[in-house]
Amino acid sequence: DLTDPDPCARATQVFDQLAADLAQVFAAARIAQLEMERLYDPVLHDPWFANFNWEAFSHDELLLVPTVLAIESADRVAGPGLASFSRLLGSGRPVQILIRVQPSNNPGAAPEESPFRHYRTELGYLGISHRQAVVSQSSAARHKHLLTCFLSALDATRTSLHLINTGLRAGTRLVPLNA
């Protein structure tokens, strides 16, 4: 939902629901395989399958979960959405986070601060600090690079952060800059 006030929290909820629905299917398939091999032991396997969730999915099973996207602006992620953004990055859920970034803007700056005179909040560094997240920074002007980043992230089974340079917008006093 593009109008959700907290896209990262909502993406977490959507992923969890999709994964919970698929967990029943994957568990049934695994139990059937164990039964066909005459290896199923209810005493051993029932407690494990009772708690079966997305964290126990195989790589191939994770790739079968529909892709969930959280789309947000850098300003909102660096401000009111920072906590849920950080929780999602650290969760390991294979959710794609797309953030629109303007090079003339410092997303962590206070309204009275100049974007070029203070330390810049770099969301890419924040993503890397979560260690297992996939992080890419690109631009629509480099569409081949952008698509390569998207494809790599979709093949991963970790949270992916895509920082997309949207360029300068007309209407500013600065000379418009292509993304």
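Description of the structure in this document.

## Overview of helix α1 (residues 7–36)
Compared with an ideal rise of 1.5 Å per residue, which puts 30 residues at 44 Å, α1 spans 43 Å between its outermost C-alpha atoms and is within 8% of the ideal. Of all bends in α1, the biggest is about 25°, found at Leu 22. Those residues of α1 that are buried are in contact with α2 (42–50), α3 (59–64), β1 (68–73), α4 (74–78), α5 (82–91) and β2 (95–101). Positive phi shows up at Arg 38, right after α1, with a value of about 55°.

## A look at the pattern of salt bridges
Should their charged atoms come close, side chains of opposite charge can pair. One pass over the structure, following the stated rule, counts three salt bridges. Here Arg 93 and Asp 16 are joined by a salt bridge, their closest N and O atoms 2.7 Å apart. Of this pair, Arg 93 sits in the loop between α5 and β2 while Asp 16 sits in helix α1, and the two are 77 residues apart along the sequence. Across the salt bridge formed by Arg 30 and Glu 61, the nearest N and O atoms sit 2.7 Å from each other. With Arg 30 in helix α1 and Glu 61 in helix α3, the pair connects residues that are 31 residues apart, well separated along the chain. For Arg 30, a relative accessible area of 23% corresponds to the partly exposed category.

## Side note on the packing of aromatic side chains
The description of two aromatic rings rests on the distance between their centres and on the angle between their planes. In the structure shown here, the tally under the stated rule is six aromatic pairs. Arranged with centres 5.5 Å apart and planes meeting at 85°, the rings of Phe 15 and Trp 54 form a pair that is edge-to-face. Here Phe 15 is found in helix α1, whereas its partner Trp 54 is found in the loop between α2 and α3, with 39 residues between them in sequence. A relative accessible area of 0% means that Phe 15 is categorised as buried. Trp 54 gets classed as buried once you look at its relative accessible area, which sits at 12%. Arranged with centres 5.3 Å apart and planes meeting at 55°, the rings of Trp 48 and Phe 52 form a pair that is tilted. What makes Phe 52 buried here is its relative accessible area of 10%. A network of ring pairs unites the aromatic residues Phe 26, Trp 48, Phe 49, Phe 52 and Phe 57 as a single cluster.

Calculation criteria
Residues numbered from 1 in each chain as written. Predicted model: local features only at pLDDT ≥ 70, side-chain atom pairs only at ≥ 80, totals over all residues. Heavy atoms only, no water. Helix = DSSP H or I, 4+ residues; strand = E, 2+ residues; numbered from the N terminus. Expected span 1.5 Å × (residues − 1). Bend = angle between axes of the 7 residues up to and from the residue. Contact = heavy atoms within 4.5 Å. Salt bridge = Lys/Arg side-chain N within 4 Å of Asp/Glu carboxyl O. Buried < 20%, exposed > 50% of the residue type's maximum accessible area, 1.4 Å probe, protein only. Phe/Tyr/Trp six-rings, centres within 6.5 Å; stacked < 30°, edge-to-face > 60°.

Just geometry here; none of it tells us what the structure is for.
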